Amino acid sequence: MVRQQQQQRNTRRPAGIQHQPKKHSAAETTSQTPREDVLRFVPLGGLEEIGRNCAFFEYKNEIVIVDVGIQFPEEDTPGVDYIIPNVAYLEPRKQHIQGIIFTHGHYDHIHALPYVIEKLGNPVIYTAALTKAIIEKRFQEFPNLPKPRIEVAKNGDKVSLSEHFKAEFFDIGHTIPDALGFILDTPAGKMVHFGDFRLDMTKEGKPTNLEIFERLGALNIHSVFMDSTNARREGFSVSERVVEENLERLFREAKGRIIVATFSSMLTRIGEIIKIAAKLDRKVALNGRSMKDNVELARSLGYLKTEKGQVIPLEELNRHKDEKVLLLTTGAQGEPNAGLMRIVNGEHRLVALKKTDTVIFSSSVIPGNERSVQGLQDNIARQVDQIHNSQLLDIHTSGHCYSEDIKLVIKLTKPKFVIPVHAYYFMRRSVVKLAEAAGFPGNRVILMDNGQIAEITGDSFHVTNKTVPAFYVMVDGLGVGDVEEIVLRDRRMLAQEGMVVIIMTLNRSTGRLLKSPDVISRGFIYLKENKEILEEIRKRLRGIVGRIPNYQQVEADYLKTIIRDQIGQVVYNQTKRRPMILPVIIEI
């Protein structure tokens, strides 16, 4: 089911930064009448987290959406599959949506589309060929949804989205082919959105292929929406050539099988790994459904070229000598059901770790996944001789621009305003200092939060005190928006304190106990070793029932409340813990 978290995270902001209210109703939103003469920009996600990237521009009765991505669950969202953007403001205005622009095919930019496409009215989508193929593959899992209407855009294409919006697309560097940036021509001026990007670097660490940024600098750009995920990382991005050389060296040194864990969507890196494996006469097997699907899509579209017989079925892995194979697998983030975790836990039906294996993590750790990745790497280190990650050697370069990349892009594009996006607040805040170091006024770096409404004119970018709903919408199975924050609160309570179930069988006429109360503990204490607490609970339960007059009919709800309060207090006095108390009353 999709669950809406009505309560925003308690993010503290410095004075001058506007708070987003914790809750917004659809009625409150629709009562806000937009000013007709200004362009509005509203982020629905991606500004207080990593992922869930989604925003829209609005002018008069025209809306253009940029990306509709997922965010992976956090520690305080147990049991949730994904977190997706809240489209409550857009749903009643779906007839005004002129199109969705997808910048590239990573899940944090496209994967929420099946959950919201009907609410958005299935508008036309503008994106590159590879992103189109990934979206269409994703929609095969949702046969009852309308088929997405996708128009392919490529470098240099100019598209008239509506009367007031026109887009021009350009290629941008990232870790997946077909990444696009775009210039959105609006009544307030030219808005430039890069999506996720990094600068191309030479092996010596010099930025190259800067023509598009130099061209933008001559176009009188109003605002640049700047990827800020790596704003706090010093220097320029690491060159992919350096990564290739380091990977090749590790591959040459490996005595047995090589297992490389990375994101299935990092197709540029995957292509490099397959190329190096071919050079060293190693066959490549793929583990993980998304890895197989994405590689097959990239091969069919010509983005990934492999020699015949180079990529083998996973079932054939053990038919080759260990020193002649390489396994590419998902699961670099420690996901419990991903391919690598099943191998490490001995649950994979075809692959088990060997002492002679070399395991390589060619990916960064998504913020929030540090603990699970560390646990995974510890487990692997107990089973193999060689394990490598990007903290030890440059075997991964991020697809997000570093601090010097950001400074150079600001200098070259010469915008009036810079809006940091795609990062937590403290990461985006760093862009203010970077801009000032690049000679750009810090007060023209605009820091927004999810749901805030900015009004844009030809020479201004003003964040208003108006908001739209941007609280979490959580995917947990198949339903949509049917359970709220209370479910997550209960899950967190169960995870932290456990539960105590009390089953009492009463005589309906007299209200007296027919048998000793049953007490069941789950995740709290082991009752067989804590008989004193068990007897104290039963004694208190008998006392509660004993005080009910014989002539008075038992009020089950009232009795449950009394049990919950008094037994909760007994348990706390004995253990200083507060498990969930669940009374069950059976009347006979």
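Residues numbered from 1 in each chain as written. Predicted model: local features only at pLDDT ≥ 70, side-chain atom pairs only at ≥ 80, totals over all residues. Heavy atoms only, no water.

1. Some details on the overall build of the protein
A tally of regular secondary structure across the protein gives 15 helices and 28 strands. The buried share of the protein, taken over its 588 residues, is 55%. Sequence separation of at least 24 residues holds for 74% of the intrachain contacts in the protein that already meet a minimum separation of 6. (Helix = DSSP H or I, 4+ residues; strand = E, 2+ residues; numbered from the N terminus. Buried < 20%, exposed > 50% of the residue type's maximum accessible area, 1.4 Å probe, protein only. Contact = heavy atoms within 4.5 Å.)

2. Section: helix α7 (residues 267-279)
Across its 13 residues, α7 extends 18 Å between first and last C-alpha, which sits within 8% of the 18 Å expected from 1.5 Å per residue. All of the buried residues in α7 are L267, R269, I270, G271, E272, I273, I274, I276 and A277. D281 occupies a position one or two residues after α7 and carries a positive phi of about 60 degrees. (Expected span 1.5 Å × (residues − 1).)

3. A closer look at the environment of E404
Within the fold, E404 resides in helix α11 (residues 403-413). Judged by relative accessible area, E404 falls into the partly exposed class, the value being 26%. Between the C-alpha atoms of E404 and R233, which are 171 residues apart in sequence, the distance is 8.7 Å. In contact with E404, not counting residues within four places along its chain, are G235 and F236.

4. Some points on unusual backbone geometry
If you check the backbone angles, N122 has positive phi at about 50 degrees while not being a glycine. Topologically, N122 is positioned in the loop between α3 (113-116) and β7 (125-127). Judged by relative accessible area, N122 falls into the buried class, the value being 12%. Positive phi outside glycine occurs at K414, with the angle close to 50 degrees. Note that K414 resides in the loop between α11 and β22 (417-421).

5. Considering the confidence of the model for the protein
Counting all residues, the mean pLDDT for the protein is 85, and 89% of those residues have values of 70 or more. Note that pLDDT drops below 50 for residues 1-31; the model gives that stretch 96 contacts with residues more than four away or on any other chain. (pLDDT = per-residue confidence, 0-100.)

6. Some points on the sheet that holds strand β10 (residues 166-171)
Read across the sheet, six strands follow the order β9-β10-β11-β12-β15-β22 without closing on themselves; strand pairing throughout is mixed. Each of the sheet's edge strands pairs with one partner strand only, and the pair in question is β9 (158-160) and β22. Averaged over all pairs of adjacent strands, the angle between their axes in this sheet comes to 20 degrees, without regard to strand direction. Pairing of strand β15 (residues 221-227) with β22 involves five bridges; the strand directions are parallel. Note that in β22 the partner of V224 across the bridge is V418. (Pairing = 2+ DSSP bridges. Axes fitted to C-alpha atoms, helices over the stretch in contact; angles between N-to-C directions.)

7. A closer look at the sheet that holds strand β26 (residues 499-506)
Judged by pairing direction, the sheet is mixed, and its three strands sit side by side in the order β27-β26-β28 without closing on themselves. Strand pairing shows two members of the sheet lacking a second neighbour, β27 (518-522) and β28 (580-587), which therefore form its edges. On average, each strand axis in the sheet is tilted by 15 degrees relative to the strand beside it, whichever way the strands run. Taken together, the eight bridges between β26 and β28 define a ladder with parallel strand orientation. Bridging from a neighbouring strand, T505 pairs with I586 of β28. Helix α14 (residues 531-546) rests against β26 and β27 of the sheet, and its axis sits at about 40 degrees to β26. The sheet contacts of helix α15 (residues 556-575) involve β26 and β28, and relative to β28 the element is tilted by about 145 degrees.

8. What about the environment of P420?
Its location among the elements puts P420 in strand β22. C-alpha separation for the pair P420 and D227, spaced 193 residues apart in sequence, amounts to 6.2 Å. Once residues lying within four places of it in the same chain are set aside, the contact partners of P420 are L47, M226, S228, R428, V431, V445, I446 and L447.

9. Thoughts on the packing of aromatic side chains
In the structure shown here, the tally under the stated rule is 13 aromatic pairs. Relative to F225, the ring of F41 has its centre 4.7 Å away and its plane inclined at 50 degrees; by these criteria the two rings are tilted. Separated by 184 residues along the polypeptide, F41 in strand β2 (residues 39-45) and F225 in strand β15 bring together distant segments of the chain. You can call F41 buried: its relative accessible area is 1%. Ring centres of Y115 and F142 lie 5.6 Å apart, and the angle between their planes is 80 degrees; on these two criteria the pair is classed as edge-to-face. A residue pair is termed long-range when its members are at least 10 positions apart, and Y115 in helix α3 and F142 in the loop between α4 (129-139) and β8 (150-152) qualify at 27 residues. For Y115, a relative accessible area of 16% translates into the label buried. (Phe/Tyr/Trp six-rings, centres within 6.5 Å; stacked < 30°, edge-to-face > 60°.)

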